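Spelled out, the chains give:
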Amino acid sequence: MIWQAIKELADQLQQTNGQVERLAKQVQQTNEQVKQLTKQVQQTNEQVEQLTKQVQQTNEQVEQLTKQVQQTNEQVHRLSEQVSDMDQRLTDVANGQTILVEELFENKKEIKRVKTALNLY
């Protein structure tokens, strides 16, 4: 009977050892999976860092382009004001020329009248 009990305990011990070996394999597999997941997380982190740098660079480029657009808009506004000023000056010159032509015409008429009057006497 003791022998039977020892044999049963030995069988149970072998079963337990088998279970421990299976659990050890599962632990090893789980450790491998954790290592792989850790590598994937590291790679993902690196990709996120690269994307973050790209976004920062893009933001800087957008800021630079925005400044350039603002400067260009200011230049266009100044040019528009200059063109408007030049247009006003040209209008003034044209009006002045019209007045001069009219006065010249009136002066010619007056000269002709004076000449005609002088020739009569």
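Here the structure is shown first, and the text comes after it.
Cut-offs used in this document
- Residues numbered from 1 in each chain as written.
- Predicted model: local features only at pLDDT ≥ 70, side-chain atom pairs only at ≥ 80, totals over all residues.
- Heavy atoms only, no water.
- Helix = DSSP H or I, 4+ residues; strand = E, 2+ residues; numbered from the N terminus.
- Rg over C-alpha atoms; globule rule 2.2 N^0.38 Å.
- Buried < 20%, exposed > 50% of the residue type's maximum accessible area, 1.4 Å probe, protein only.
- Areas by Shrake-Rupley, 256 points an atom, 1.4 Å probe, with all protein chains shown as cover.
- Salt bridge = Lys/Arg side-chain N within 4 Å of Asp/Glu carboxyl O.
- Patch = residues over 30% accessible without salt bridge, like charges linked within 9 Å, V, L, I, M, F, W, Y side chains within 5 Å.

Focus on the overall build of the protein chain
Per the secondary structure count, the protein chain includes one helix and zero strands. Relative to a compact globule of 121 residues, whose C-alpha radius of gyration would be 14 Å, the protein chain shows 51 Å and is clearly more extended. Dimensions of the protein chain, computed from the C-alpha atoms along their principal axes, are close to 175 × 15 × 10 Å. The 121 residues of the protein chain split such that 1% are buried. Surface accessibility of the protein chain: about 12,000 Å² in total, with carbon and sulfur atoms responsible for 55%.

Some remarks on the pattern of salt bridges
A complete count under the given rule lists four salt bridges for this structure. The salt bridge partner of Glu-106 is Lys-109, with a shortest N-O separation of 3.8 Å. Taken together, the residues Glu-106 and Lys-109, both in helix H1 (residues 2–120) and three residues apart, mark about one turn of the helix. According to the relative accessible area criterion, Glu-106 is partly exposed, its value standing at 44%. Take Lys-109: its relative accessible area is 43%, and that puts it in the partly exposed class. Between Arg-113 and Glu-110 there is a salt bridge whose closest N-O contact spans 2.2 Å. A residue pair is termed a helical-turn pair when its members lie 3 or 4 positions apart in one helix, as Arg-113 and Glu-110 do in helix H1 at three residues.

Focus on a nonpolar patch on the surface
Residues Ile-2, Trp-3 and Ile-6 make up a contiguous nonpolar surface patch of about 410 Å² in total accessible area. Tracing the backbone through its elements, the reader meets Trp-3 in helix H1.

Considering the environment of Lys-108
Examined against the element boundaries, Lys-108 turns out to sit in helix H1. In this structure Lys-108 comes out as exposed when scored by relative accessible area, which is 53%. Separated by 73 residues in sequence, Lys-108 and Lys-35 place their C-alpha atoms 107 Å apart.

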